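Given next are the chains, with one letter for each unit.
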Amino acid sequence: LDVLDIQVGRANSYAEPNGLFVDEMEQAISMIAEQFEIAATAFTAYDPSCDPEGNILRAGLRLMEHIVGEVEILSA
């Protein structure tokens, strides 16, 4: 999750600017799903104390939903 730009939120104390936005991550996931079977994923580097508003948590949930949707589309 620390690949996300700090304008989205801070996943941890090491977060830096110039990361990806959620829509860019969704696009990347879709492109990966077109080329490869998504067999597993991991959401890491999240420190809730750095995300008091829950922005990264919500972004992570949105990305999880997107991944599940991509897997369901390919499985159908």
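Since this is a predicted model, take the numbers as computed values, not measurements. Counting of residues starts from 1 at the beginning of each chain's written sequence and follows it residue by residue. Only residues with pLDDT of 70 or above have their local features reported here, since the model is predicted, and side-chain atom pairs are shown and tallied only from 80 upward, although totals for entire chains, interfaces and linings are computed over all residues. Values shown for side chains rest on all heavy atoms present in the structure; no hydrogens or waters enter the calculation.

**Quick word on the overall build of the protein**
Put simply, the rule is: Helix and strand labels come from DSSP, where a helix needs a run of H or I of at least four residues and a strand needs a run of E of at least two; each type is numbered from the N terminus. Exposure classes here rest on a 1.4 Å probe applied to the protein chains alone. A residue is buried below 20% of its type maximum, exposed above 50%, and partly exposed in between. Between two residues, a contact is recorded if the distance between any of their heavy atoms is within 4.5 Å. For the accessible areas, the method is Shrake-Rupley and the probe is 1.4 Å, while residue cover comes only from the protein chains on display.
When helices and strands are counted, the protein shows two helices and zero strands. Across its three principal axes, the protein shows a C-alpha extent of roughly 40 × 20 × 15 Å. Taking all 76 residues of the protein together, 30% fall into the buried category. Long-range pairs, those at least 24 residues apart, make up 61% of the contacts in the protein with a sequence separation of at least 6. For the protein, the exposed area adds up to about 5,200 Å²; of that, 55% sits on carbon and sulfur atoms.

**Brief notes about the side chain of Asp-5**
Stated precisely, the cut-off is as follows: The charge count includes Lys and Arg as positive and Asp and Glu as negative, but it does not include His or the ends of the chains. Whenever Lys or Arg places a side-chain nitrogen within 4 Å of a carboxyl oxygen from Asp or Glu, that contact is recorded as a salt bridge. Polar contacts, as used here, are pairs of N or O atoms within 3.5 Å; protein pairs need one atom able to donate a hydrogen and one able to accept it. Residues neighboring in sequence count only if both atoms are side-chain atoms.
By the element assignment, Asp-5 lies in the segment before α1 (22-35). For the buried Asp-5, which has no salt bridge, the nearest side chain bearing the opposite charge is Arg-10, at an N-O separation of 9.0 Å. Within the structure, Asp-5 has its side chain in polar contact with the backbone nitrogen of Gln-7 (distance 2.8 Å). A distance of 2.8 Å separates a polar atom in the side chain of Asp-5 from the backbone nitrogen of Gly-19.

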